[in-house]
Amino acid sequence: MSVPSTARVVIIGGGIVGVSTLYHLAKDGWSDCVLLEKNELTAGSTWHAAGNCPNFAMSFGVMNMQRYGLELYRGLADEVDYPINYHVTGSVRLAHTHERMMEFEHAATMARHMGLQMDVCTPEELLQHYPFMELHDLEGGLWDPLDGDIDPAQVTQALAKGARANGAKILRFTPATGVRRENGEWIVETEKGEIRCEYVVNAAGYYAPRVGEWFIPYGGRPVPAAVMSHQYFLTEPVPEIAEWSERNGRKLPLMRDVDTSYYLRQETTGFNLGPYERNCQAAWIRPEDPMPDDFSFQLYPDDLDRLEWYIEDAMARVPLLGTQGVSRNINGPIPYAPDGLPMVGPMPGVPNAFEAHSFTFGIAQGGGAGKVAAEWIMYGQTEWDMWSCDPRRYTDYTDNQYCIDKAMEVYGHEYAMHFPHHTWPAGRDRKQSAVHAKVLELGGQMGVYNGWERANWFAKPGDDTSEEATQTWTRSGPWEPRVREECEAVRDHVGVLDLPGFSRFSLSGDDAAEWLRGRITGALPKVGRMNLVYFADERGRILTEMSVLRHGDDDFTLITAAAAQWHDFEVLKFNLADGLTLSDQTRELTTLIVSGPKSRDLFEQIAEADLSLGWLTHQNAVVAGKDAMLVRVSFAGELGWEVHASFEDMPTIYAAILDAGAKPFGMYALNSLRLEKGYRAWKGDLSTDYTLLEGGLDRFVRLDKPQDFPGKAALMNEKQQGSTRRFVTMIIDAGDCDAPYMSAVMRGDDLVGEITSGGWGYRVNASIGLGIVRSDLAEPGTELEVEIYGKRCKATVQPDAPLWDPENERIRA
Ligand SMILES: Cc1cc2nc3c(=O)[nH]c(=O)nc-3n(C[C@H](O)[C@H](O)[C@H](O)COP(=O)(O)OP(=O)(O)OC[C@H]3O[C@@H](n4cnc5c(N)ncnc54)[C@H](O)[C@@H]3O)c2cc1C
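Keep in mind it's a predicted model, so treat the numbers as computed, not measured. (Residues numbered from 1 in each chain as written. Predicted model: local features only at pLDDT ≥ 70, side-chain atom pairs only at ≥ 80, totals over all residues. Heavy atoms only, no water.)

Draft legend 1. Quick look at the overall build of the chain. Helices and strands together make up the secondary structure of the chain, namely 19 helices and 39 strands. A globule of 813 residues ought to have a C-alpha radius of gyration of about 28 Å, and the chain, at 27 Å, matches this closely. Overall, the C-alpha framework of the chain stretches about 80 × 65 × 60 Å when taken along its three principal axes. Here the chain, with 813 residues, has 62% of them falling under the buried criterion. Of all intrachain contacts in the chain linking residues separated by at least 6 positions in sequence, the fraction that spans at least 24 positions is 73%. (Helix = DSSP H or I, 4+ residues; strand = E, 2+ residues; numbered from the N terminus. Rg over C-alpha atoms; globule rule 2.2 N^0.38 Å. Buried < 20%, exposed > 50% of the residue type's maximum accessible area, 1.4 Å probe, protein only. Contact = heavy atoms within 4.5 Å.)

Draft legend 2. Layout of the packing of aromatic side chains. A full pass over the atoms with the stated rule returns 29 aromatic pairs. When the ring of Tyr 206 is compared with that of Tyr 207, the centres are 5.1 Å apart and the planes differ by 35 degrees; the resulting orientation is tilted. An aromatic cluster is present here, built from Tyr 206, Tyr 207, Trp 284, Phe 295 and Tyr 300 joined pairwise through their rings. The ring of Tyr 207 carries the charged tip of Lys 38 above its face, separated from the ring centre by 3.5 Å. (Phe/Tyr/Trp six-rings, centres within 6.5 Å; stacked < 30°, edge-to-face > 60°. Lys NZ or Arg CZ within 6 Å of the ring centre and 35° of its normal.)

Draft legend 3. Looking closely at helix H5 (residues 152–165). In this model, H5 (14 residues) spans 20 Å end to end at C-alpha, consistent with the 20 Å of a helix rising 1.5 Å per residue. Pro 152, Val 155, Thr 156, Ala 158, Leu 159, Ala 160, Gly 162 and Ala 163 are the residues of H5 that are buried. At the N-terminal boundary of H5, the capping side chain belongs to Asp 151, with an oxygen 3.0 Å from the backbone nitrogen of Ala 153. (Expected span 1.5 Å × (residues − 1). Polar contact = N/O pair within 3.5 Å; in protein donor to acceptor, adjacent residues only side chain to side chain.)

Draft legend 4. Region of interest: the pairing of strand E32 (residues 640–646). Of all seven residues making up E32, six are buried, and the element is well covered by its neighbours. As defined by bridge partners, strand E28 (residues 589–595) adjoins E32 across seven bridges and the pair is classed as antiparallel. The residue of E32 that forms the bridge with Val 594 is Trp 641. The sheet contact formed by strand E31 (residues 626–631) and E32 spans three bridges and is antiparallel. Each residue of the ladder has a partner; that of Val 631, found in E32, is Glu 642. (Pairing = 2+ DSSP bridges.)

Draft legend 5. Structural view of the sheet that holds strand E39 (residues 791–797). On the basis of which strands lie adjacent, the closed barrel formed by six strands has the order E34-E37-E36-E35-E38-E39 and antiparallel pairing. In this sheet, neighbouring strand axes are inclined to one another by 40 degrees on average, regardless of whether the strands run parallel or antiparallel. Here helix H3 (residues 98–113) sits on the sheet in contact with strand E35 (744–747), strand E36 (750–761) and strand E38 (783–788), set at roughly 135 degrees to E36. (Axes fitted to C-alpha atoms, helices over the stretch in contact; angles between N-to-C directions.)

Draft legend 6. Region of interest: helix H8 (residues 308–317). Listing the buried residues of H8 in full gives Tyr 310, Ile 311, Ala 314 and Arg 317. In an axial view of H8, the angular spread of the buried residues amounts to 120 degrees, which keeps them on one side of the axis. Elements in contact with the buried residues of H8: strand E4 (91–95), strand E12 (226–235), strand E13 (254–257), strand E14 (262–267) and strand E15 (270–275). (Arc of directions from axis to C-beta.)

Draft legend 7. Region of the structure containing the sheet that holds strand E23 (residues 503–508). Pairing in this open sheet of five strands is antiparallel, and the strands run E24-E25-E26-E23-E27 from one edge to the other. Of all strands in the sheet, those bounded by a partner on one side alone are strand E24 (530–536) and strand E27 (581–584). In this sheet, adjacent strand axes meet at a mean angle of 25 degrees when their direction is disregarded. Taken together, the five bridges between strand E25 (residues 542–552) and strand E26 (residues 555–560) define a ladder with antiparallel strand orientation.

Draft legend 8. Representation of the side chain of Thr 586. By the secondary structure assignment, Thr 586 is in the loop between E27 and E28. Within the structure, Thr 586 has its side chain in polar contact with the side chain of Gln 565 (distance 3.5 Å). In terms of polar contacts, Thr 586 uses its side chain to reach the side chain of Asp 584, at 2.6 Å. Ignoring any residue separated from it by four or fewer positions in sequence, one finds Thr 586 in contact with Gly 501, Phe 502, Ser 503, Arg 504, Gln 565 and Phe 647.

Draft legend 9. Molecular detail of the packing of helix H12 (residues 479–492) against helix H17 (residues 667–677). With their axes 9 Å apart at the nearest point, H12 and H17 run at an angle of 60 degrees to one another. When the axis of H12 is compared with that of H17, the two are oblique. Judged by the twist between their axes, the crossing of H12 over H17 is right-handed. For the pair H12 and H17, contact is made by Trp 479, Val 483, Glu 486, Cys 487 and Val 490 and by Tyr 668, Ala 669, Ser 672 and Leu 673, respectively. For the contact of H12 with H17, a count of residues per class yields seven nonpolar, one polar and one charged. (Parallel < 35°, antiparallel > 145°, perpendicular 65-115°, else oblique. Left-handed = near helix turned anticlockwise from the far one by under 90°. Nonpolar A, V, L, I, M, F, W, Y, C, P; charged D, E, K, R; others polar.)

Draft legend 10. Spatial organisation of the side chain of Lys 406. Looking at where Lys 406 falls in the secondary structure, it is placed in helix H10 (residues 400–412). Overall, the relative accessible area of 11% leaves Lys 406 in the buried class. Lys 406 has contacts with Pro 338, Trp 424, Ala 426 and Gly 427, leaving out every residue within four places of it along the chain.

Draft legend 11. Region of the structure containing the site of the ligand. As a structural note, the neighbourhood of the ligand is formed by 36 residues, with Glu 37, Thr 46, Asn 52, Phe 359 and Gly 362 the closest of them. Within the backbone of Ile 16, one N or O atom sits 3.2 Å away from an oxygen atom of the ligand. In the environment of the ligand, a nitrogen atom lies 3.0 Å from a nitrogen or oxygen atom belonging to the backbone of Ala 176. Its free accessible area being 1,000 Å², the ligand has 98% of it covered by the protein chains. Considered class by class, the residues forming the shell around the ligand number 20 nonpolar, 14 polar and two charged. (Near = heavy atom within 4 Å. Areas by Shrake-Rupley, 256 points an atom, 1.4 Å probe, with all protein chains shown as cover.)

Draft legend 12. How the structure looks around the pattern of salt bridges. Under the defined criterion, the tally for this structure stands at 55 salt bridges. With a shortest N-O distance of 2.9 Å, Glu 409 and Lys 406 are connected by a salt bridge. Residue Glu 409 and its partner Lys 406 are both found in helix H10; the two are separated by three residues, about one turn of the helix. Given the relative accessible area of 10%, Glu 409 is considered buried. One salt bridge connects Glu 514 with Arg 517, and the closest N-O pair in it is separated by 2.7 Å. One end of the pair is Glu 514 and the other is Arg 517, both in helix H13 (residues 512–517) and three residues apart, which spans about a single turn. Among the charged side chains, a network of salt bridges with common partners joins Arg 180, Glu 182, Glu 185, Glu 189, Glu 194 and Arg 196. (Salt bridge = Lys/Arg side-chain N within 4 Å of Asp/Glu carboxyl O.)

Draft legend 13. The arrangement of the environment of Tyr 397 in detail. With respect to the element layout, Tyr 397 can be found in the loop between helix H9 (362–379) and H10. Overall, the relative accessible area of 9% leaves Tyr 397 in the buried class. Remark: the alpha-carbon pair of Tyr 397 and Asn 39, spanning 358 residues in sequence, is separated by 33 Å. The contact partners of Tyr 397, leaving out residues within four places of it in the chain, are Tyr 402, Arg 430, Lys 431, Asn 450 and Gly 451.

Draft legend 14. Spotlight on the nonpolar core. Val 9, Leu 25 and Tyr 73 are the most contacted members of the largest nonpolar core, which has 112 residues in total. When residues of this core are assigned to their parent elements, the largest contribution, 10 residues, is made by helix H2 (residues 60–80). Once residues lying within four places of it in the same chain are set aside, the contact partners of Leu 25 are Val 9, Ile 11, Trp 30, Cys 33, Ala 374, Ile 377 and Met 378. Phe 458, Ile 606, Leu 611 and Ala 656 belong to the second-largest nonpolar core, a separate cluster that totals 30 residues. (Core = buried A, V, L, I, M, F, W, Y, C linked by side-chain atoms within 4.5 Å.)

Structure follows, in structure tokens:
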């Protein structure tokens, strides 16, 4: 087939993900799309994958993607008339500990939100599903009836057939060799000719970093990924399995011993064992061993020694495994992003370019990833909030060593539990605050926020600060008494929190105000004041929230969450009107939060400023002899100011604030304090899964203003029809665990909503859940239940006002 001179979309890479993206584009009517594959389809990681297809994931977005993909696969063979070996066998996931059982309970709850049934089992129930297993050290497990395995090449070819049938083109043996941008279009270069297109997609699997380099001159960044070598081996046939299969007319369910870290599956009549080993191996990381230009259909040499411990453990679990020898080993490359989740979405910094790569479970996720990638391209938004997979979640700190260290850590802990008070040790100290050393000296126990080190809590001498102490889902732990003290200091006295990495943009130019009004849902502040503003997508859903400080008629600073840095910058940049100037100043200034009833007294000692200026004002001031901006606002919900100053001056200011008696507090305390005020957290409470009206943000929406902001029509429509869901604050009789994200909210047997964030409020002494429920249940006093790690807990809907200081008197004091 010859290379066409134009196309609407060019996808680079013909693995399952690229092909699924093409399939979804073509199916939605975008038939003028071309996929370039340098070899044969599936030549990268796809051809040799084991093909396991779980629904299970602890990321809601990823679980949704898998749920959708597996549903698609179940009907695909018939839909496109292409045979696929797909065995829906079900799976058992084993738990060695109580904590693992709790994780399973929560996964089962999340699954229920999307109509999936997963059952938490006793050891005896596990045996009914999987008779060949020893139970010696098991607490129980999880049964997922829709897990299974699929032939990766066949499913890819089936998707390709579906794409072609809808008019899309696939060019095999046609490597893309480069890209350039001309007159607002992409030119994708190949040895057989060039294609001019509107959109381009990097779906090049473990070659994604190579392809990504071509985009750096157009605003791109090095793709943050490293390649891991992953193995599974097949055994000779096992007569007992053959006999069981024959008798039952099906394959054995798949088994995952996640605490040991392997899966074991039936392959024909033998076994397939695939461990994720701690002593893992990153590939192609040494200068003398670079990634070859072409590794199509190739494998690494066998390295079974690395797996020995896992093989022995698996043989103790399923003794049948030891009865036959190894028939074949597969050792192939998998690309890992630093958190092990895929990259699907807009390519950071580059217009009309998208990414769909770094899949560690690309067979299970490919179906859903294609849908998500295609939606980004066609509509600029996705059905489900996909922030967990958005490439913009990694910013400027992910150098090569970071990527390798994180990939090794994630791979070696592939099935690890992600406890709420645990932080992972690899890749740390990429971005430190101006007062980092002082924070450590004060006992700061650090966490990472967009690469910035911030204290989560402050330990006292003798506190247990070990990693082991964090291996719990409970609220209590060494941090708890300290977090309580920190919250009480903010409530009764004054606290200081070092907050480096607040994302900060400057926007100015003629008519900047009018342009902003056309983007946000609400109103701009007057000069000298600040407002919280919201950006909606076309469906009226919550795209993001920013604080806007107005310095002059057309001169603004916009401040947003650390994690939102690149995302929010693009919300502004890609729609910017001609003549406006936008810059990212995150690295130029840094921030302290000083909050508590004694904060005015504190600043009277050390600041030259007008401390009578009201709530939501800002001013240039001098603090401890240094220039600073004081902003009268408090995410902690007490009288307070944010201090914004240069990195150079901040140590002096921080020292003066500590000397004046402020107690340092950390991010855990801040989270508790903001929950009590009902302040929403980014990508928990604030996400594109909810509209602004559902999110209870009505007072930030001005439907009567003349500007036609994105989402206005959708919100007007929703206002007329009435919202079906509503944001509420609940008090929960929670026991020793607060409600995690996506805990189910129940009314009798009905699932009526979900928790978007939960935690303990030390000022109100209660477990708080922020969440979304059916509108008819949003009335204050409504009694509901929240399912926390499998335990039903009574929950009561609260009035639509902050739990702490509902009239905001303390803030305005
Ligand atoms: C041993 C092993 C077992 C696995 N088991 C499972 C499993 O059980 N379940 C599961 O879900 N996942 C599994 N995986 C992971 C899975 O294989 C990958 O996640 C998935 O194949 C990724 O698909 P992809 O389309 O992103 O990348 P790839 O399949 O690597 O496709 C990328 C394609 O891009 C092409 N390409 C690169 N550069 C260019 C260029 N310049 N021009 C044109 N084309 C280019 C390549 O040739 C390649 O075909 C396993 C992986 C390994 C190694």
